Amino acid sequence: MAMSIERIEEGALEQNNHHNKLSDGDYEEDSKKSLMAKWGLLLLNCTCSAVGTIGGPLLLRLYFLHGGSRKWLSSWLQTAGFPILLIPLLVLYFRDRSLGVKFFASPKLLLSSAVIGVLLGLDNFMYSYGLSFLPVSTSSLLISTQLIFTALFAFIMVRQKFTPYSINSVVLMTLGSILLGLRKSGDRPPGVSTSQYLLGFILSIGAAALGGFVLPCTEVAYAKASKAMTYSLVLQYQFCMTFFATVFCTVGMLVNKDFSAMQREASEYELGATKYYLVLVSSAVVWQLMFVGTLGIIFCTSSLFAGVITATLLPLTEIAAVIVFHEKFTGEKGMALALGIWGFISYFYGSYRENKKNIQSPHETNNTSSK
């Protein structure tokens, strides 16, 4: 992979100034502990991504179904939860200061996060606008094509190496999307015109393409950072990125007078004003968890793997939509879910084999040099 899970160890070694020569036994024990920490962090990020990827669209659709109609507000919610990142950032700041480690990210890294943040704000607007006219299951299907765009841009921008396992994963998930697309003509929601449905379809595909571009851009920014990336820098990057995405959507809200319309919309909301604000706050928190998880996955592995995780979770979002909103779950959706899980297992197994090989290589080099 273009960016392997070993990047976590690079950051840890820089923080601890660990440059001692280890014996074979110490090296093996240290490698096992380091590997467990890496996979633990990856699992945590995958969990956050799962909560956001599944819960975010459901809450956003709940907002639209019961009287919500502000497109810029729904876009704003996807990044407005960024202040909650101040809590872990403060903890990491005091930890790094006690260790004598430089905490703050370089201006170059923050500048790149600001530019990507504006693109993210646009992506969120396109996604929200599309979802306002589409069922969650259809929107999830269209967004799952992001994996194809991620694979394409990762190949161009970061020279992503494709293995038989990753190729198999992309092909399987693409087939799942095509399979679902063959039977999507009769799911237009009540009250949505044909032109609105078509607009939602186009905007969702556009959001998938832009999202597929943003992920490799983030990986490039990590790779070109002036020092090895640590989780502190990842959170700073996310804070800056989501801040500028929120600013972008805030401008849209001001132009469209969404802030002044919120009180009126809350009073007319079918579930009541209290639940209206609860939906808004929950959306902001859940979407922020998704971004924490996605950027963390890129940090631990690669942008392509982050795309695979997202594509794997989207069929689960469809199942959740069936349960919560009573959307139809057809045989095609079941087949797409099976293909998605198969594709994820294929990619995960290939990544496991590659990382195991990378762990063994330094050990073998160390043994050779000691002879």
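The protein chain goes by Probable purine permease in an unreviewed UniProt entry, where it is assigned to Macleaya cordata. UniProt's Sequence similarities (unreviewed entry) comment on the protein chain is quoted here verbatim: "Belongs to the purine permeases (TC 2.A.7.14) family." According to its UniProt record, the protein chain has this under Subcellular location (unreviewed entry): "Membrane".

With respect to the secondary-structure elements, Ser-193 resides in the loop between α8 (164–181) and α9 (194–223). In sequence terms Ser-193 and Phe-133 are 60 residues apart; their C-alpha atoms lie 8.7 Å from each other. Within the local environment of Ser-193, its side chain forms a polar contact with the side chain of Ser-195, the two groups lying 3.1 Å apart.

Turning our eyes to something else, we now look at the pattern of salt bridges. Side chains bearing opposite charge may pair, as long as their charged atoms lie close to each other. Tallied over the entire structure, the rule returns two salt bridges. For Arg-70, the salt bridge identified is with Asp-258, shortest N-O distance 2.8 Å. Linking Arg-70 in the loop between α2 (24–65) and α3 (71–77) with Asp-258 in helix α11 (residues 258–268), this pair joins segments that are 188 residues apart in sequence. Across this residue pair, the class does not change: Arg-70 and Asp-258 are buried. Asp-96 serves as the salt-bridge partner of Arg-95, at 2.8 Å between the closest nitrogen and oxygen.

With that settled, consider unusual backbone geometry. Phi angles above zero are rare outside glycine, and Lys-257 is one such case at about 55 degrees. Under the relative-accessibility criterion, Lys-257 is labelled exposed at 59%.

It is worth spelling out a nonpolar patch on the surface at this point. A grouping of Leu-152, Phe-155, Ile-156, Phe-162, Ile-167, Val-171, Leu-175 and Ile-178 is seen on the molecular surface, where their side chains present a nonpolar patch of about 720 Å² in accessible area. Looking at the nonpolar patch, the elements that each hand over two or more residues are α7 (146–157) and α8. A per-element tally of the nonpolar patch places α8 first, with four residues. Here Ile-156 is to be found in helix α7. Its relative accessible area of 47% is what places Ile-156 among the partly exposed residues.

A separate point is the packing of α9 against helix α12 (residues 273–300). It is at 10 Å that the axes of α9 and α12 come closest, and there the two elements cross at 50 degrees. With respect to each other, α9 and α12 are oriented oblique. Regarding α9 and α12, the two cross each other, and that crossing is right-handed. Of the residues in α12, those touching α9 at Leu-215, Thr-218, Glu-219 and Tyr-222 are Thr-294, Leu-295, Ile-298 and Phe-299.

Criteria and thresholds
- Residues numbered from 1 in each chain as written.
- Predicted model: local features only at pLDDT ≥ 70, side-chain atom pairs only at ≥ 80, totals over all residues.
- Heavy atoms only, no water.
- UniProt positions renumbered as here; feature names shortened; annotations may be inferred.
- Helix = DSSP H or I, 4+ residues; strand = E, 2+ residues; numbered from the N terminus.
- Polar contact = N/O pair within 3.5 Å; in protein donor to acceptor, adjacent residues only side chain to side chain.
- Salt bridge = Lys/Arg side-chain N within 4 Å of Asp/Glu carboxyl O.
- Buried < 20%, exposed > 50% of the residue type's maximum accessible area, 1.4 Å probe, protein only.
- Patch = residues over 30% accessible without salt bridge, like charges linked within 9 Å, V, L, I, M, F, W, Y side chains within 5 Å.
- Areas by Shrake-Rupley, 256 points an atom, 1.4 Å probe, with all protein chains shown as cover.
- Axes fitted to C-alpha atoms, helices over the stretch in contact; angles between N-to-C directions.
- Parallel < 35°, antiparallel > 145°, perpendicular 65-115°, else oblique.
- Left-handed = near helix turned anticlockwise from the far one by under 90°.
- Contact = heavy atoms within 4.5 Å.

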